[in-house]
Amino acid sequence: QVQLVESGGGLVQAGGPLRLSCAFSGDTFSRYIMGWFRQAPGKEREFVAAINGDGYNTYYLESVKGRFTISRNNAKNTVDLQMNRLKPEDTAVYYCAVRGFMSGQVYEAHKYIYWGQGTQVTVSS
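Asks: It is not clear to me how the nonpolar core should be interpreted in this structure. Could you clarify?
Replies: Most often, soluble globular proteins keep nonpolar side chains buried together rather than apart. The biggest cluster of nonpolar side chains holds 29 residues, and the ones touching the most others in it are Met34, Trp36, Val79, Leu81, Met83 and Tyr94. In this structure Val79 touches Leu20, Ser21, Cys22, Phe29, Met34, Trp36, Ile51, Ile70, Ser71, Arg72 and Cys96, once residues within four positions along its chain are discounted. Membership of the second largest hydrophobic core comes to 6 residues, among which are Phe37, Phe47, Ala50 and Tyr112.

Asks: Looking at this model, I keep getting lost on the packing of aromatic side chains. Mind explaining?
Replies: According to the stated counting rule, one finds 8 aromatic pairs in the structure shown. With centroids separated by 5.7 Å and ring planes inclined at 80 degrees, the aromatic side chains of Phe37 and Phe47 adopt a geometry described as edge-to-face. Of this pair, Phe37 sits in strand E4 (residues 34-39) while Phe47 sits in strand E5 (residues 46-51), placing them 10 residues apart in sequence. Overall, the relative accessible area of 10% leaves Phe47 in the buried class.

Asks: Please explain the side chain of Thr119 as it appears in this structure.
Replies: Mapping Thr119 onto the fold places it in strand E11 (residues 119-124). Look at Thr119 and you get buried, because its relative accessible area is 13%. Those residues within four positions of Thr119 in sequence are excluded, and the remaining contacts are Glu6, Gly9, Leu20, Ala92, Val93 and Tyr94.

Asks: Sorry, what's going on with the state of the cysteines here?
Replies: Each disulfide is one covalent bond, formed between the sulfur atoms of two cysteines. Tallied over the entire structure, the rule returns 1 disulfide. The residue that forms a disulfide with Cys22 is Cys96, at a sulfur-sulfur distance of 2.2 Å. Residues Cys22 and Cys96 share a disulfide whose torsion about the S-S bond is about -80 degrees; that sign makes it left-handed. Here Cys22 is found in strand E3 (residues 18-25), whereas its partner Cys96 is found in strand E9 (residues 92-99), with 74 residues between them in sequence. Like Cys96, Cys22 is buried.

Asks: Which parts of the structure should I look at to understand the side chain of Lys111?
Replies: Within the secondary structure layout, Lys111 lies in the loop between E9 and strand E10 (112-115). Dropping the residues within four chain positions of it, Lys111 is found in contact with Arg99, Gly100, Met102, Ser103 and Gly104.

Asks: Explain the sheet that holds strand E7 (residues 68-73) here, please?
Replies: Across a sheet, paired strands are connected by hydrogen bonds in the backbone, their directions being either parallel or antiparallel. Taken in spatial order, the 4 strands make up an open sheet running E1-E3-E8-E7, and their pairing is antiparallel. Here the strands that pair on one side only, and so sit at the sheet edges, are strand E1 (3-7) and E7. Averaged over all pairs of adjacent strands, the angle between strand axes in this sheet comes to 15 degrees, irrespective of strand direction. Where E1 and E3 come together, 5 bridges link them in antiparallel fashion. Pairing of Glu6 across the sheet is with Cys22, part of E3.

Criteria and cut-off values
Residues numbered from 1 in each chain as written. Predicted model: local features only at pLDDT ≥ 70, side-chain atom pairs only at ≥ 80, totals over all residues. Heavy atoms only, no water. Core = buried A, V, L, I, M, F, W, Y, C linked by side-chain atoms within 4.5 Å. Buried < 20%, exposed > 50% of the residue type's maximum accessible area, 1.4 Å probe, protein only. Contact = heavy atoms within 4.5 Å. Phe/Tyr/Trp six-rings, centres within 6.5 Å; stacked < 30°, edge-to-face > 60°. Helix = DSSP H or I, 4+ residues; strand = E, 2+ residues; numbered from the N terminus. Disulfide = S-S within 2.5 Å. Pairing = 2+ DSSP bridges. Axes fitted to C-alpha atoms, helices over the stretch in contact; angles between N-to-C directions.

So yeah, pure geometry; function would need other evidence.
Below you can see the structure in the form of structure tokens.
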């Protein structure tokens with residue numbers, strides 16, 4: 001059974017950094033595209049970032065480009081999201097997810113087959 005365990009969420013002041021980590025277990029980690037999504041109260045879940053299996057290709061939501069960096073360590077079975085220059089509008093529950101092997105785009109949430117429990121990120125002004 002694939003399991004995802006997230007850590008690193010919390011409260012941070014606007015302009016500050018925060019790093020989220022996600023530990024994967026239960027399958028061959030390097031085969032999968034990994035993604036981060038977020039959901040704010042009253043809003044739809046939205047794509048934030050993704051990274052392919054070997055770590056060489058990354059994809060980002062336009063509003064986080066230049067501020068967030070997704071990375072992975074296939075020796076440790078982990079994927080991280082480094083968030084810098086945080087803004088109040090970044091406040092949301094952040095989810096780590098595993099994409100399936102079907103065709104489509106990396107930003108399509110319904111193509112992700114395993115999800116973490118979510119971790120709260122709150123950015124104060």
